[in-house]
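Chain by chain, the residues run as shown.
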Amino acid sequence: LDAALALKPNSWEARVNMGLAHQRAGRVEQAVVHYEQALAVGDLSAEAFNNLGLAYQDLRRMDAAERAFTEALRQNPADLSAQINRRTLQLRRRGIGGVDLYEILVGEFPQHLGLWRMAAVEYARLGRLEQAIKACEKILTLDPQDGQTLRNMERLKERLSGAAD
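Residues numbered from 1 in each chain as written. Predicted model: local features only at pLDDT ≥ 70, side-chain atom pairs only at ≥ 80, totals over all residues. Heavy atoms only, no water.

Draft legend 1. Spatial organisation of the packing of helix 7 (residues 98–108) against helix 8 (residues 113–125). At a minimum axis separation of 9 Å, helix 7 and helix 8 run at an interaxial angle of 150°. One way to sum up the angle between helix 7 and helix 8 is to call them roughly antiparallel. Note that helix 7 runs across helix 8; the crossing there is left-handed. Each of Gly 98, Val 99, Tyr 102, Glu 103, Leu 105 and Val 106 in helix 7 lies in contact with helix 8, whose residues at this interface are Leu 115, Trp 116, Met 118, Ala 119, Glu 122 and Tyr 123. In terms of residue class, the contact of helix 7 with helix 8 is made up of nine nonpolar, one polar and two charged. (Axes fitted to C-alpha atoms, helices over the stretch in contact; angles between N-to-C directions. Helix = DSSP H or I, 4+ residues; strand = E, 2+ residues; numbered from the N terminus. Parallel < 35°, antiparallel > 145°, perpendicular 65-115°, else oblique. Left-handed = near helix turned anticlockwise from the far one by under 90°. Contact = heavy atoms within 4.5 Å. Nonpolar A, V, L, I, M, F, W, Y, C, P; charged D, E, K, R; others polar.)

Draft legend 2. Just the environment of Glu 13, in detail. Along the polypeptide, Glu 13 turns up in helix 2 (residues 12–24). Using a relative accessible area of 43% as the deciding quantity, one classes Glu 13 as partly exposed. Glu 13 sits 74 residues away from Arg 87 along the chain, and the two C-alpha atoms are 26 Å apart. (Buried < 20%, exposed > 50% of the residue type's maximum accessible area, 1.4 Å probe, protein only.)

Draft legend 3. Inspection of the layout of surface pockets at higher detail. Quantified by volume, the largest pocket comes out at close to 210 Å³. Every residue lining the largest pocket is counted, 13 residues in all, and those nearest its centre are Ile 84, Asn 85, Thr 88, Leu 115 and Met 118. Among the secondary structure elements, those contributing two or more residues to the lining of the largest pocket are helix 4 (46–58), helix 6 (80–93), helix 7 and helix 8. If you tally residues by element for the lining of the largest pocket, the top one is helix 6, at five residues. (1 Å grid on protein atoms, 1.4 Å probe; cavity = no way out; pocket = protein on both sides within 12 Å on 5 of 7 lines; lining within 4 Å. Points joined across faces, edges and corners; volume = space filled by probe spheres on them.)

Draft legend 4. Main features of the environment of Asp 58. Position of Asp 58 relative to the elements: it lies in helix 4. Sequence spacing of Asp 58 and Gly 114 is 56 residues, and the spatial spacing of their C-alpha atoms is 20 Å. If near-sequence neighbours (up to four positions away) are discounted, Asp 58 is found in contact with Gln 23 and Val 28. Looking at Asp 58, its side chain comes within polar contact range of the side chain of Gln 23, at 3.2 Å. (Polar contact = N/O pair within 3.5 Å; in protein donor to acceptor, adjacent residues only side chain to side chain.)

Draft legend 5. Quick look at the side chain of Glu 122. Looking at the element boundaries, Glu 122 is found in helix 8. Accessibility expressed as a relative area gives 13% for Glu 122, which makes it buried. When neighbours within four sequence positions are excluded, Glu 122 is seen to be in contact with Gly 98, Val 99 and Tyr 102.

Draft legend 6. Representation of the nonpolar core. Formed by 24 residues in total, the largest nonpolar core has its most connected members in Leu 101, Leu 105, Leu 115, Tyr 123 and Leu 156. For this core, the secondary structure elements donating two or more residues are helix 6, helix 7, helix 8, helix 9 (129–142) and helix 10 (147–164). If near-sequence neighbours (up to four positions away) are discounted, Leu 105 is found in contact with Arg 87, Thr 88, Leu 91 and Leu 115. Val 16, Ala 31, Tyr 35 and Leu 89 belong to the second largest nonpolar core, which has 23 residues in total. (Core = buried A, V, L, I, M, F, W, Y, C linked by side-chain atoms within 4.5 Å.)

Draft legend 7. Representation of the side chain of Gln 57 in the model. Residue placement: Gln 57 occurs in helix 4. Looking at Gln 57, the relative accessible area reads 15%, which means it is buried. Residues in contact with Gln 57, not counting those within four places in the same chain, are Met 62, Ala 65, Phe 69, Leu 89 and Arg 92.

Draft legend 8. A look at the pattern of salt bridges. All told, the structure shown has seven salt bridges when counted by the stated rule. In this structure, Arg 128 and Glu 103 form a salt bridge, with 3.4 Å as the shortest nitrogen-oxygen distance. Highlighted residues: Arg 128 in the loop between helix 8 and helix 9 and Glu 103 in helix 7, separated in sequence by 25 residues. Since its relative accessible area comes to 30%, Arg 128 is described here as partly exposed. With relative accessibility at 32%, the residue Glu 103 sits in the partly exposed group. Each of the salt bridges in this network shares a partner with another, and the network as a whole consists of Asp 63, Glu 66 and Arg 93. (Salt bridge = Lys/Arg side-chain N within 4 Å of Asp/Glu carboxyl O.)

Written out as structure tokens, the structure is:
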């Protein structure tokens, strides 16, 4: 990535990719620098603003994160990731977390597989097996080929029947 950036120092794509690499490596401050540079040299992309918001969130700079998510949505109102990230931040700032958070989010974004998966995990973690199974069933209506969810649902049903014995 450094080589790509050296060849095209004004490439916003290269800077966003550098930001992603730094963020994944836990160098969030450096990620912020690259996202901000990407926005300064190129198109104002929803992706760059959304990634910047996630980085600010990692740094516990919640006001800046919300501004970045809002700007991502200004750039692309249909950006589902930015919608979910901003809403998640707003709910967490109100003290809503865990399964309550996921119940709200799947209600607002019912076609989002990732949210249903997180809800299923949270239900299972809490021992709310029937609700975890229902979440798995919803996942399978959205993605009938999801073998991992099918296996997880079978294990949940086994746990549920074992708990009933």
